[in-house]
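# Understanding the architecture of this molecule
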Amino acid sequence: RFAGARLIVPLSGRKMTFGNVAFSFFYTPELLYPEPVNDTNDLSFVCRIEFEGQSILLPADAQVKVINLVTGLYGEALQSDFVQAPHHGLSGGTKDFYRLVNPSYAFFATAQDKFEERSQTDQAANVYLLNGLNLREYFVADNGYRTLLFPFQGSDYIDREYTQEDYDALHRDE
C-alpha cells in the first residue's frame, strides 16, 4: 500500500528530525523490560517536540513509575518550554519532574471542572507546577481543542475550536 515507505520505530534515547521539527523520545515501553507492564498507561511514550526554537514535553498518560524513571535517566535534559500534565493532571506528575522540566507554559487535557478539582486537591505536584515554578500561563482543553501557533508568545497565539460533545465522555479519565 505504501510502496517504498520505511518503518521507523522510535526507541528511548532516540532523536528524529522531520524537516525543521525534532522529536526526542525519553521513554518508550521497552525501557521497562524485563519488568512486566501492569498498567497500560505505562505504554505511553514520553516525547519532546522541538520547533521554531521552542519545545513541548508530552508525557501522555505516563504514571509515576515511568515519570520517576525518566526523571532519573534524563534529569535537567528534560527542560522544556511547555509541558503537558501527565495523565490529564490526574496522576503521574511529580514535583521533581516539574522542577526539572521547569516549563514556562503548561496544559491539561481535561475539562475545566476536573482541572479545578485536581489542581487543588488531587496532586500536590499540580499545585507545585501551577504555583511553585515560574509558569507564565497554563491552558485547559475544556470541551475543545487548542492549536498553539509557533513561535509561541502567549495566549494570543492559540486557536480554539469548541465542541458541543462532552469532553469527559470522549476522553475518560480512568
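Here is a short report on the structure shown in this document. Numbers given for residues are sequential positions, taken from 1 along each chain in its written order. In view of the model being predicted, local features appear only for residues whose pLDDT reaches at least 70, and side-chain atom pairs are presented and counted only at 80 or more, with totals across whole chains, interfaces and linings using the full set of residues. Each side-chain value is worked out from all heavy atoms of the structure, with water and hydrogens disregarded.

## Describing the environment of Ile 67
Selection rule: Secondary structure elements follow DSSP: runs of H or I no shorter than four residues count as helices, runs of E no shorter than two count as strands, and numbering proceeds from the N terminus. Residues are treated as being in contact if the distance between any of their heavy atoms lies within 4.5 Å.
Topologically, Ile 67 is positioned in helix α1 (residues 64-74). Residues Ile 67 and Gly 92, 25 residues apart in the sequence, show an inter-C-alpha distance of 6.5 Å. Those residues in contact with Ile 67 that lie beyond four places of it in its chain are Pro 59, Ala 62, Pro 86, Gly 92, Thr 94 and Phe 97.

## Concerning unusual backbone geometry
Residues Tyr 33 and Pro 34 are joined by a peptide bond in cis, for which omega reads 10°. Phi angles above zero are rare outside glycine, and Ala 60 is one such case at about 55°. Structurally, the position occupied by Ala 60 is in the loop between β4 (54-58) and α1. Of note, the phi angle at His 87 is positive, near 50°, even though the residue is not glycine. As for its position among the elements, His 87 is in the loop between β5 (82-84) and α2 (95-101).

## Re the side chain of Ser 91
As a reminder of what qualifies: The definition of a polar contact used here is a pair of N or O atoms within 3.5 Å, where within protein one atom must be able to donate a hydrogen and the other to accept one, and adjacent residues in sequence count solely through side-chain atom pairs.
One can find Ser 91 in the loop between β5 and α2. Within the local environment of Ser 91, its side chain forms a polar contact with the side chain of Gln 63, the two groups lying 2.9 Å apart.

## A closer look at the packing of aromatic side chains
The line we're drawing: Aromatic rings from Phe, Tyr and Trp, taking only the six-membered ring of Trp, are treated as a pair when their centres fall within 6.5 Å; an angle between ring planes under 30 degrees marks them as stacked, one over 60 as edge-to-face, and anything in between as tilted.
For the structure on display, the rule yields 11 aromatic pairs. Summarising the aromatic geometry, the rings of Phe 26 and Tyr 74 are spaced 4.8 Å apart at their centres and angled 75° between planes, so their arrangement reads as edge-to-face. Within this pair, whereas Phe 26 is found in strand β2 (residues 21-27), its partner Tyr 74 is found in helix α1, the two being separated by 48 residues in sequence. Taken together through their ring pairs, the aromatic side chains of Phe 82, Tyr 105, Phe 139 and Phe 152 make up a single cluster.

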